[in-house]
Amino acid sequence: GLRERTVRKTAVERGWTGVPVLGARLPIKVGHSGGAIVQATPEFEPAASLAAVHGLPVHEVLEAASAAAHAAGFVSGNAVPPGLTPDPPA
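(A) Region of the structure containing the overall build of the protein. Helix and strand counts for the protein stand at two helices and three strands. For the protein, the spread of C-alpha atoms along the principal axes amounts to about 50 × 40 × 25 Å. Counting across all 90 residues of the protein, residues that qualify as buried make up 26%. For the protein, contacts bridging at least 24 residues in sequence account for 47% of all contacts bridging at least 6. With the model as given, the accessible surface of the protein reaches about 6,200 Å², and the carbon-plus-sulfur share is 54%. Averaging the positions of the 7 positive and the 7 negative side-chain charges in the protein gives two centres separated by 9 Å.

Below, the structure written as structure tokens:
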């Protein structure tokens, strides 16, 4: 038999901020809805570049960025802080 499942995607608003990691400031994409954070995710490419500079695996830099975002309060359910930029850092 064939199993089917319907999947729905809901777009949320997003903004960017940065967190300090290994002496650099890595961009974090913050998804939010209704004034609350839904998710906060580090951007891959800047993390990969920083990992290459330090000779580290990318996943370690991504984990460090996620931990820094969490420590800064970018946690699901928290209020959206002021100062998010509408576009990722260049």
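(B) Structural view of the side chain of His32. Topologically, His32 is positioned in strand 2 (residues 24–33). Setting aside anything within four residues of it in sequence, one finds His32 in contact with Val12, Glu13, Arg14, Gly15, Ile37, Val38, Val80 and Leu84.

(C) Spatial organisation of the nonpolar core. Core analysis: the largest hydrophobic core is formed by 14 residues, its most contacted members being Val19, Val21, Leu26, Ile28 and Val61. For this core, the elements supplying multiple residues, two or more each, are strand 1 (13–21), strand 2, helix 1 (44–54) and helix 2 (58–71). In terms of residue count, helix 2 provides more of this core than any other element does, four residues in total. Once residues lying within four places of it in the same chain are set aside, the contact partners of Leu26 are Thr17, Gly18, Val19, Val21, Pro46, Ala47, Leu50, Val61 and Ala65.

Reading guide: rules and limits
Residues numbered from 1 in each chain as written. Predicted model: local features only at pLDDT ≥ 70, side-chain atom pairs only at ≥ 80, totals over all residues. Heavy atoms only, no water. Helix = DSSP H or I, 4+ residues; strand = E, 2+ residues; numbered from the N terminus. Buried < 20%, exposed > 50% of the residue type's maximum accessible area, 1.4 Å probe, protein only. Contact = heavy atoms within 4.5 Å. Areas by Shrake-Rupley, 256 points an atom, 1.4 Å probe, with all protein chains shown as cover. Lys, Arg positive; Asp, Glu negative; His and termini not counted. Charge placed at Lys NZ, Arg CZ, Asp CG, Glu CD. Core = buried A, V, L, I, M, F, W, Y, C linked by side-chain atoms within 4.5 Å.

What is shown is where atoms sit, not what they do.
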